[in-house]
Amino acid sequence: MRAWLYALVVATTAASIGGRADASAPGDSSACENLKSLSLPHAAITAAQPVDAGGSIAADRSARAPRALCRVTATLTPSTDSDIKIELWMPAGGWNQKFQAVGNGAFNGSIAYPALTGAVTRGYAAASTDTGHVGNNATFAVGHPEKVVDFGWRAVHEMTVASKRIVAAYYEAAPRHSYFTGCSAGGRQAMTEAQRFPADFDGIVAGAPGLDWTGRAVQATRVAQALEGREGARLLEPQRRRLHQSALAACDAADGLKDGLIANPQRCTFDPGVTACKGSETDGCLTAAQVETARLIYSTAKNRKTGREVAGLMPGSELGWTDLGWTASARATGLDQFRFIVLGDAAWTVQKFDLDADLTRAEDVDGGTINALDPNLKPFVDRGGKLIHYHGWSDPQISPGNSTQYYTRVVDALGGAAKVDGAYRLFMAPGMGHCGGGEGPNAFDMLTALEQWVERGQPPDRIVGSHYTNGVVDRSRPLCPYPQIAAYSGTGNAEEAANFVCRQP
Ligand SMILES: [Ca+2]
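Residues numbered from 1 in each chain as written. Predicted model: local features only at pLDDT ≥ 70, side-chain atom pairs only at ≥ 80, totals over all residues. Heavy atoms only, no water.

The next point concerns the overall build of the chain. Helix and strand content of the chain: 14 helices and 15 strands. Computed over the C-alpha atoms, the radius of gyration of the chain is 23 Å, within 12% of the 23 Å expected from 2.2 N^0.38 for a compact globule of 505 residues. When its C-alpha atoms are laid out on the principal axes, the chain stretches across 85 × 60 × 45 Å. Counting only residues that meet the buried cut, the chain has 57% of its 505 residues in that class. Expressed as a percentage of contacts within the chain between residues at least 6 apart in sequence, the contacts between residues at least 24 apart total 68%. For the chain, the exposed area adds up to about 19,400 Å²; of that, 51% sits on carbon and sulfur atoms. Of the side chains in the chain, 47 bear a positive and 51 a negative charge, and the two mean positions are spaced by 2 Å. (Helix = DSSP H or I, 4+ residues; strand = E, 2+ residues; numbered from the N terminus. Rg over C-alpha atoms; globule rule 2.2 N^0.38 Å. Buried < 20%, exposed > 50% of the residue type's maximum accessible area, 1.4 Å probe, protein only. Contact = heavy atoms within 4.5 Å. Areas by Shrake-Rupley, 256 points an atom, 1.4 Å probe, with all protein chains shown as cover. Lys, Arg positive; Asp, Glu negative; His and termini not counted. Charge placed at Lys NZ, Arg CZ, Asp CG, Glu CD.)

Here it is, written out as structure tokens:
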């Protein structure tokens, strides 16, 4: 049976389950405590306790309950080697009758308390998982293929199935709608859910998804290898600033407005060679070796076996780079991927990396367990699911090219943009870094846009993003459904979203 069909059956069953043995109601502490006796397949509820508003969640955590809630913890064991921890927070009063699962970062390994707090503040019953291991690295993977599966896709799905049943038991009603929100590794989890378990969620927010998990590992490792032991080839802050200024000089105005943002970096033809030192110049210019480093960071790699490309970083992202190219997290995650998942060799070093062989090997070994590259979203689309996907064009950690490539592959797989537009939209954010930050608008409310789409049938034609300096909005722009870009209308304040329209580039 297809995995998604299995999920559909389980979810439908869960919706019909409910009812407590006594007459206690949510908000009543016994209703929460009674959940301890709830029986779930391959799951053990380890705690079910009411927590007052402002109450401490656990002695060793700084997390506080944003409102009075029922906190349930459980351990899920879908395989004999599984040890998946989940936490479910359910408002004791003021429940919005909806469920939200929240994503994690990098190699996960802990409950995402800030995201849980945000969801419950909005009235959601919310759940998070450690994805089946402790600690934000990949050492767990050696000798534990089932734990890799849990991390890759199973933990979030199992959490979702169990959580819906617990919600139904506590409130005596299934959630009216279920959502998933996540960025980075959480964006990858979001895509995995849309691809594998279309019945799990009515709406999904996938931010900067690490969906080409192995491709990103390859790109960060390739740059790390080129710079290992070659300090003269590294790009220090003056060189990164120089590159950034030169990229803007080449491409900022080409989108119709000289505003320090490159609205369409894929149309930007920028050669780092223009930053090369001339004569006796030294101020931030690049040596020949540094120019080569910059070219490498922007460059695309290719899987020789499948022909699929793996994007580099984009012109405009330079201020987010480090001395070693991609971010420290990208390098660490890439190294862990090769050491503990691809090769099972803790002593492996980047000097041993071979682009052609290792790009293919990493993808083959994964076999779609962690990668979320399946473009067939038809089951999700057909059941009425809605997916909002976003990515910052200046992301220095996960290439935004991963997102545009995936969107394009989905359009191709489903038979054209018109087949996709009613269910899945991608919003690219100029000048935005990894899940936030950067010179461009980087603060927005994707969940509200998704709620409008799912609950009121209003698709997001534009989503306003803001940029803050010292807590004050000093710039706003509409984020537009890809491939549209935000174009200045020609009149009014060029820092206000109202004066922009979305149009084809
Ligand atoms: Ca511009």
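As a further point, take the nonpolar core. One finds Leu35, Val72, Met90, Tyr170, Leu387 and Tyr424 to be the most contacted residues of the largest nonpolar core, which totals 55 residues. Looking at this core, the element that brings in the most residues is helix H4 (residues 145–171), giving 9 residues. Among all residues touching Leu35, those that are not within four sequence positions of it are Ile45, Ala48, Cys70, Val72, Met90, Ile166, Ala169 and Tyr170. (Core = buried A, V, L, I, M, F, W, Y, C linked by side-chain atoms within 4.5 Å.)

Further remarks concern unusual backbone geometry. Omega for the bond connecting Tyr482 with Pro483 falls within 30 degrees of zero, at 10°, which places this linkage in the cis form. Turning to its location among the elements, Pro483 is positioned in the loop between strand S13 (472–479) and strand S14 (485–488). Unlike most non-glycine residues, Glu172 shows phi in positive territory, near 55°. Following the sequence through the fold, Glu172 ends up in the loop between H4 and strand S6 (177–183). One non-glycine residue, Asn470, adopts positive backbone phi at about 50°. Its place among the elements puts Asn470 in the loop between strand S12 (463–469) and S13.

Our focus in this paragraph is the sheet that holds strand S5 (residues 125–129). Here we have 9 strands laid out as an open sheet, ordered S1-S2-S3-S5-S4-S6-S7-S10-S11, and mixed in their pairing. Bordering the open sheet on either side are strand S1 (43–51) and strand S11 (424–429), each of which pairs with just one other strand. When strand polarity is set aside, the average angle formed by the axes of neighbouring strands in this sheet is 15°. Pairing of strand S2 (residues 69–76) with strand S3 (residues 84–91) involves 8 bridges; the strand directions are antiparallel. Bridging from a neighbouring strand, Cys70 pairs with Met90 of S3. Sitting on the sheet, H4 touches S1, S2, S3, strand S4 (98–102), S5 and S6, and the angle it makes with S3 is about 35°. Running at roughly 155° to strand S10 (residues 386–392), helix H14 (residues 446–456) makes contact with S4, S6, strand S7 (203–207), S10 and S11 of the sheet. (Pairing = 2+ DSSP bridges. Axes fitted to C-alpha atoms, helices over the stretch in contact; angles between N-to-C directions.)

Taken together, Asp252 (O), Asp252 (OD), Asp255 (OD), Asp255 (OD), Leu257 (O), Asp259 (OD) and Leu261 (O) make up the full set of protein donors to the calcium ion, lying 2.3 to 2.7 Å away. Expressed as a motif, the donor residue spacing for the calcium ion is D-x2-D-x1-L-x1-D-x1-L. On the accessibility criterion, Asp255 (12% relative accessible area) is buried. (Donors = N, O, S within 2.8 Å, 3.2 Å for Na, K, Ca; no water.)

On to the pairing of S7. Side chains on a regular strand alternate between the two faces of the sheet. For S7, the buried fraction is high: 5 of the 5 residues fall into the buried class. Here S7 shows no split at all, with Gly203, Val205 and Gly207 on one side and Ile204 and Ala206 on the other all buried. One ladder, built from 5 bridges, connects S6 with S7; its direction is parallel. Among the inter-strand pairings, Thr181 is bridged to a residue of S7, identified as Val205. One ladder, built from 5 bridges, connects S7 with S10; its direction is parallel. Note on S10: the bridge partner recorded for Val205 is Ile388.

A few words on the state of the cysteines. Tallying each qualifying case throughout the model produces 5 disulfides. With a sulfur-sulfur separation of 2.0 Å, Cys32 is cross-linked through a disulfide to Cys70. Because the torsion about its S-S bond is 80°, the bridge between Cys32 and Cys70 counts as right-handed. A residue pair is termed long-range when its members are at least 10 positions apart, and Cys32 in helix H2 (residues 29–33) and Cys70 in strand S2 qualify at 38 residues. For the residue pair Cys32 and Cys70, the accessibility class agrees, reading buried in each case. Note that Cys277 is cross-linked by a disulfide to Cys285, the S-S spacing being 1.9 Å. Looking down the S-S bond of the Cys277 and Cys285 bridge, the torsion is 95°, so its handedness is right-handed. Overall, the relative accessible area of 3% leaves Cys285 in the buried class. Here the chain pairs its bonded cysteines, counted in sequence order, in the arrangement 1-2, 3-8, 4-5, 6-7, 9-10. (Disulfide = S-S within 2.5 Å.)

Our focus in this paragraph is the packing of helix H6 (residues 213–227) against helix H8 (residues 288–298). When two helices pack together, their arrangement is given by the angle between their axes and by how far apart the axes lie. Following both chains from N to C, one finds H6 and H8 inclined at 170°, their axes separated by 10 Å at the closest point. Taken together, the axis directions place H6 and H8 in an arrangement best described as roughly antiparallel. Contact residues: H6 offers Arg222, Val223, Ala226 and Leu227, while H8 offers Thr293, Leu296 and Ile297. (Parallel < 35°, antiparallel > 145°, perpendicular 65-115°, else oblique.)

What follows deals with the packing of H4 against helix H5 (residues 185–196). Where H4 meets H5, the closest approach of the two axes is 10 Å, and the angle between their N-to-C directions is 70°. Comparing their axes, H5 and H4 come out roughly perpendicular. Residues Phe151, Gly152, Trp153, Val156 and His157 of H4 lie in contact with H5, whose contacting residues are Arg188, Gln189, Thr192, Glu193 and Arg196. Here the residues of the contact of H4 with H5 are counted per class, giving 3 nonpolar, 4 polar and 3 charged. (Nonpolar A, V, L, I, M, F, W, Y, C, P; charged D, E, K, R; others polar.)

Before going further, it helps to examine the environment of Val167. Here Val167 shows up in helix H4. The spatial distance from the C-alpha of Val167 to the C-alpha of Ala125 is 7.4 Å, given a sequence separation of 42 residues.

The buried fraction of S10 amounts to 7 of the 7 residues, a majority that puts the element mostly inside the structure. Residue alternation in S10 divides its side chains into two sets, Lys386, Ile388, Tyr390 and Gly392 and Leu387, His389 and His391, and both sets are buried. As judged from the 6 bridges shared by S10 and S11, these two strands associate in the parallel manner. Note on S11: the bridge partner recorded for Tyr390 is Phe427.

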